Amino acid sequence: MTPHPMPNAGACTTQPTCAPTCPLCGEPNRCAPAAAGSFEVVCWCTTVKIAPGALERIPVESRGKACLCAACAAGTT
């Protein structure tokens with residue numbers, strides 16, 4: 001696994017709120033900004049290593065709109 005390139009990289013960066021589901025598998029992503037409706041809270045994804053290729057698997061139309069779930073971020077799905 002490679003380090004997360006920067007806080008919220010590949011996650012919600014362009015929307016006022018994030019989608020609450022993973023763009024790869026559709027399961028809940030436990031995104032703190034999505035739950036809070038604000039980027040003022042820190043998401044779990046900023047402190048973990050994202051599996052190589054995980055961010056590239058996100059469909060283009062979903063990039064910057066939703067966090068991966070922990071399983072997809074780890075590359076286990």
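In this text, all values refer to a predicted model and were calculated from it rather than measured experimentally.

Rules used in this analysis
Residues numbered from 1 in each chain as written. Predicted model: local features only at pLDDT ≥ 70, side-chain atom pairs only at ≥ 80, totals over all residues. Heavy atoms only, no water. Helix = DSSP H or I, 4+ residues; strand = E, 2+ residues; numbered from the N terminus. Buried < 20%, exposed > 50% of the residue type's maximum accessible area, 1.4 Å probe, protein only. Contact = heavy atoms within 4.5 Å. Areas by Shrake-Rupley, 256 points an atom, 1.4 Å probe, with all protein chains shown as cover. pLDDT = per-residue confidence, 0-100. Phe/Tyr/Trp six-rings, centres within 6.5 Å; stacked < 30°, edge-to-face > 60°. Lys NZ or Arg CZ within 6 Å of the ring centre and 35° of its normal. Disulfide = S-S within 2.5 Å.

**Details of the overall build of the chain**
For step 1, the next point in the chain: Across its full length, the chain carries two helices and two strands.
For step 2, the next point in the chain: Walking the chain from its N terminus toward its C terminus, one meets helices and strands in the order β-α-β-α.
For step 3, the next point in the chain: The burial tally for the chain puts 34% of its 77 residues in the buried class.
For step 4, the next point in the chain: Of the contacts made within the chain by residues no fewer than 6 positions apart, 63% connect residues no fewer than 24 positions apart.
For step 5, the next point in the chain: Carbon and sulfur atoms provide 59% of the accessible area of the chain, an area that totals close to 4300 Å².

**Describing the confidence of the model for the chain**
For step 1, the next point in the chain: Considering every residue of the chain, the mean pLDDT works out to 78; 78% of them sit at 70 or more.
For step 2, the next point in the chain: Within the chain, no element has a lower average pLDDT than strand E1 (residues 2-3), which sits at 36, and none a higher one than helix H2 (residues 70-74), at 93.
For step 3, the next point in the chain: Low pLDDT, under 50, characterises residues 1-10; the predicted model gives this stretch 26 contacts beyond four residues in sequence or across chains.

**Points about the packing of aromatic side chains**
For step 1, the next point in the chain: Within this structure, the stated rule accounts for zero aromatic pairs.
For step 2, the next point in the chain: One Lys or Arg, Arg30, reaches over the ring of Trp44 and ends 5.4 Å from the middle of that ring.

**A closer look at the environment of Pro23**
For step 1, the next point in the chain: You can see Pro23 is positioned in the loop between E1 and helix H1 (32-36).
For step 2, the next point in the chain: For Pro23 and Glu61, which are 38 residues apart along the polypeptide, the C-alpha to C-alpha distance reads 9.5 Å.
For step 3, the next point in the chain: Not counting residues within four places of it along the chain, the set of residues in contact with Pro23 comprises Ile58, Pro59, Ser62, Ala66, Cys67 and Leu68.

**Side note on the state of the cysteines**
For step 1, the next point in the chain: Taken as a whole and judged by the stated rule, the model has zero disulfides.
For step 2, the next point in the chain: In this model Cys31 remains outside any disulfide bridge; the closest cysteine sulfur is found in Cys67, 3.5 Å from its own.

**Considering the environment of Ala35**
For step 1, the next point in the chain: Within the element layout of this structure, Ala35 appears in helix H1.
For step 2, the next point in the chain: Since its relative accessible area comes to 73%, Ala35 is described here as exposed.
For step 3, the next point in the chain: Between the C-alpha atom of Ala35 and that of Pro20, which follows or precedes it by 15 residues, the distance is 7.2 Å.

**Some thoughts on the environment of Ala36**
For step 1, the next point in the chain: Relative to the helices and strands, Ala36 resides in helix H1.
For step 2, the next point in the chain: For Ala36, a relative accessible area of 46% puts it in the partly exposed group.
For step 3, the next point in the chain: When the C-alpha atoms of Ala36 and Cys18 are compared, they prove to be 9.5 Å apart, with 18 residues separating the residues in sequence.

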